[in-house]
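Remarks on the overall topology
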Amino acid sequence: MSVFDLQEMSHDQFAEAEKEGAVALVAVGATEQHGYMPMGLDAFTAKFMQDLIGMAMEQRLDVIKAPVMPFGASEHHTCYPGTISLGGSLFAQVLNQILRELYRSGIRLVAIINGHGGNEGAIAWAMKDAKSFCPGLIIHNKTLHYLVGPGDWMKEYPNTELPDSNRLSGELSAITGEHELSHADAGEASLLGVCKPSQLTIAQRRMADLPPIPDMTQVSGIRHPQQWFEKMRAGNGGKGDPRRATEEAIRKATEMMRMAAKQTADDLVKMWEEMRR
């Protein structure tokens, strides 16, 4: 059993892996403002999770890792320079086409690894449409909120959470002192500390002389760019204080991500076995 990077494969290698029933891992993120942290944070976490899941499956199934899709549905952050949003409709169309192309190439089991909550509605449409045109295509989409606690907005997507995600994210929130995991807060900063620790260090140093940022993680439902800009001014676009991402918080975030990778890998193996019967 092997783990492949799609762009490093030849077409005949792909065909051979597909014949063995390879699983495709499609990671999607965003390029959007994250307060004082890098705009690629969501893509970083999606890629890191893709790699963790691949490692968890290496001795069990062949895995093909698609290139990370770095742009998503980020219209609500477009008041900030550097944010690149495809919008929900275009993002959904691109993802839908990726799923169809993998199906055309023989893939029948795909896991979507999403690092950005704003993508979820578009992902749901892309999945539904792809499955309607691709008989036998199975899509797993339960990796996003290994990162997210019991925030009200997640009630819209009840099937994307993994077991234990609420418990572990609650423990992380208790460590950081913020109500829940949200956007550009201590929770996301802890994930950045797992995926790209040097980037967290840079962000925290930039903030060293700033006053504390209030906890805005309970604020939800903001979709208009100017409204977000005004509401989140105190956090430079973020909902919390990345300086609260301590070593203890980063250890808890590491536990969360490893748990999610293992559970996702177990899910995929079970789905693969059922599919091959």
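Provided above is the structure to which this section pertains.
What you are looking at is a predicted structure, and each value in this text was computed from that prediction instead of being measured.

Remember that side chains alternate between the two faces of the sheet whenever the strand is regular. A large share of strand β2 (residues 23–28) lies buried, amounting to 6 of its 6 residues. The alternating pattern of β2 places V23, L25 and A27 on one face and A24, V26 and V28 on the opposite face, and all of these are buried. By the bridge criterion, 3 bridges tie β2 to strand β3 (residues 63–65) in an arrangement that is parallel. Its bridge partner being in β3, A24 is matched across the sheet by I64. Handedness of the β2-helix α2 (residues 41–57)-β3 crossover: right-handed.

In the structure shown here, the tally under the stated rule is 11 salt bridges. The residue K65 makes a salt bridge to D5 at a minimum N-O spacing of 3.7 Å. With a gap of 60 residues between them, K65 in strand β3 and D5 in strand β1 (residues 3–5) connect regions that are remote in the sequence. The class for K65 is buried, based on a relative accessible area of 11%. Residues D266 and K262 are paired through a salt bridge, measuring 2.9 Å at the closest nitrogen-oxygen approach. Placement of the pair is D266 and K262 together in helix α9 (residues 247–275), with a separation of 4 residues, close to one helical turn. Owing to a relative accessible area of 27%, D266 belongs among the partly exposed residues under this scheme. Among the residues examined, K262 registers a relative accessible area of 51% and is labelled exposed.

Criteria and cut-off values
- Sequence order as written defines the numbering, with residues in each chain counted from 1.
- The predicted nature of this model means local features are confined to residues of pLDDT at least 70 and side-chain atom pairs, given and counted, to a pLDDT of 80 or more, with totals for whole chains, interfaces and linings taken over all residues.
- For the side-chain quantities, the full set of heavy atoms in the structure was used; hydrogens and water were omitted.
- Only protein chains enter the accessibility calculation, which uses a 1.4 Å probe. A residue is then buried if its area is under 20% of the maximum for its type, exposed if over 50%, and partly exposed in between.
- Helix and strand labels come from DSSP, where a helix needs a run of H or I of at least four residues and a strand needs a run of E of at least two; each type is numbered from the N terminus.
- Note: two strands are recorded as paired if DSSP finds a minimum of 2 bridges between them.
- Think of it like this: strands point away, you trace from the first strand over the helix to the second, and a clockwise trace means the crossover is right-handed.
- Salt bridges, as used here, are contacts in which a Lys or Arg side-chain nitrogen is within 4 Å of a carboxyl oxygen on Asp or Glu.

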